[in-house]
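One letter stands for each residue in the lines below.
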Amino acid sequence: QLQLVASAGDLVQPAGSLRLSCAASGFSFSSYVINWYRHAPGKERELVARIPSAGGTTNYADSVKVRFTISRDNAKNTVYLQMNSLKPEDTAVYYCNAEAVNYFKERLMYWGKGTLVTVSS
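1. Comments concerning the nonpolar core
At step 1: Counting residues in hydrophobic clusters, the biggest one holds 30 residues, and the most contacted among them are Leu-20, Trp-36, Phe-68, Val-79, Leu-81, Met-83 and Tyr-94.
At step 2: Elements with a minimum of two residues in this core: strand E3 (18–25), strand E4 (33–39), strand E5 (46–51), strand E7 (68–73), strand E8 (78–83), strand E9 (92–101) and strand E11 (115–119).
At step 3: At five residues, the largest contribution of residues to this core is made by E9.
At step 4: Apart from the residues lying within four places of it in its own chain, the contact partners of Leu-81 are Leu-18, Arg-19, Leu-20, Trp-36, Ala-49, Phe-68, Thr-69, Ile-70 and Tyr-94.

Written as structure tokens, this is what we have:
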């Protein structure tokens with residue numbers, strides 16, 4: 001059964017840190033690009049960070065550059081999102097997503113359940 005299971009979010013004080021993880025099973029994790037998205041109340045869903053299937057060059061939304069780091073461990077089928085210097089505007093439900101293009105040029109996307117991160121004093 002295909003699954004993407006994110007770690008629990010938390011309530012964090014401004015300037016604090018939190019690491020999210022997302023454990024995958026049921027598909028060839030190392031063949032997929034992994035993304036972290038977030039959805040804040042009243043805002044559109046935002047692509048926060050992206051890491052290629054074999055690691056390497058990562059991409060970030062301007063709003064989180066320098067503060068967030070995405071990484072992956074293909075041996076553990078797990079991706080991480082280290083979030084530092086958190087701000088109240090980082091409050092959102094965070095989703096991990098696996099993305100690939102198959103042999104037939106079809107785009108495959110799998111989503112985990114979201115996890116709530118609240119940044120507040």
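Text resumes after the structure shown.
2. Some points on the packing of aromatic side chains
At step 1: Counted by the stated rule, this structure contains seven aromatic pairs.
At step 2: An angle of 50 degrees between the planes, with centres 4.9 Å apart, marks the rings of Tyr-37 and Trp-111 as tilted. Within this pair, whereas Tyr-37 is found in strand E4, its partner Trp-111 is found in strand E10 (residues 107–111), the two being separated by 74 residues in sequence.
At step 3: Geometrically, the ring pair formed by Tyr-95 and Trp-111 is edge-to-face, given 6.4 Å between the ring centres and 85 degrees between the ring planes.

3. So, unusual backbone geometry
At step 1: Its identity is not glycine, yet Ser-85 carries a phi of approximately 50 degrees, on the positive side.
At step 2: Mapped onto the elements of the fold, Ser-85 is located in the loop between E8 and E9.
At step 3: Even without being glycine, Lys-105 reaches a positive phi, approximately 65 degrees.
At step 4: According to the relative accessible area criterion, Lys-105 is exposed, its value standing at 72%.

4. A closer look at the state of the cysteines
At step 1: What the rule picks out here adds up to one disulfide.
At step 2: A sulfur-sulfur distance of 1.9 Å marks the disulfide that ties Cys-22 to Cys-96. Judged by the sign of its S-S torsion, about 45 degrees, the bond between Cys-22 and Cys-96 is right-handed. With Cys-22 in strand E3 and Cys-96 in strand E9, the pair connects residues that are 74 residues apart, well separated along the chain. Each member of the pair, Cys-22 as well as Cys-96, carries the same accessibility label: buried.

5. Quick notes on the pattern of salt bridges
At step 1: In total, this model carries six salt bridges according to the counting rule given.
At step 2: In this structure, Arg-50 and Glu-99 form a salt bridge, with 3.2 Å as the shortest nitrogen-oxygen distance. With a gap of 49 residues between them, Arg-50 in strand E5 and Glu-99 in strand E9 connect regions that are remote in the sequence.
At step 3: Taking the relative accessible area as the measure of exposure, Arg-50 reaches 27% and is therefore partly exposed.
At step 4: A relative accessible area of 11% places Glu-99 in the buried class.
At step 5: Here Lys-65 makes a salt bridge to Asp-62, at a shortest N to O gap of 3.1 Å.
At step 6: Through salt bridges with shared partners, one network takes in Arg-38, Glu-46, Arg-67 and Asp-90.

6. Some thoughts on the sheet that holds E8
At step 1: If you walk across this open sheet you meet the four strands as E1-E3-E8-E7, and the pairing is antiparallel. Both outer strands of the open sheet, strand E1 (3–6) and E7, are each paired with one neighbouring strand and no more. Each neighbouring strand pair of the sheet contributes to a mean axis angle of 15 degrees, computed without reference to strand direction.
At step 2: Two elements, E7 and E8, share six bridges in a ladder whose sense is antiparallel. In the sheet register, Ser-71 faces E8, and the bridge partner there is Tyr-80.

Rules used in this analysis
- Residues numbered from 1 in each chain as written.
- Predicted model: local features only at pLDDT ≥ 70, side-chain atom pairs only at ≥ 80, totals over all residues.
- Heavy atoms only, no water.
- Core = buried A, V, L, I, M, F, W, Y, C linked by side-chain atoms within 4.5 Å.
- Buried < 20%, exposed > 50% of the residue type's maximum accessible area, 1.4 Å probe, protein only.
- Helix = DSSP H or I, 4+ residues; strand = E, 2+ residues; numbered from the N terminus.
- Contact = heavy atoms within 4.5 Å.
- Phe/Tyr/Trp six-rings, centres within 6.5 Å; stacked < 30°, edge-to-face > 60°.
- Disulfide = S-S within 2.5 Å.
- Salt bridge = Lys/Arg side-chain N within 4 Å of Asp/Glu carboxyl O.
- Pairing = 2+ DSSP bridges.
- Axes fitted to C-alpha atoms, helices over the stretch in contact; angles between N-to-C directions.

Fair warning: the whole summary comes from geometry, so function is off the table for now.
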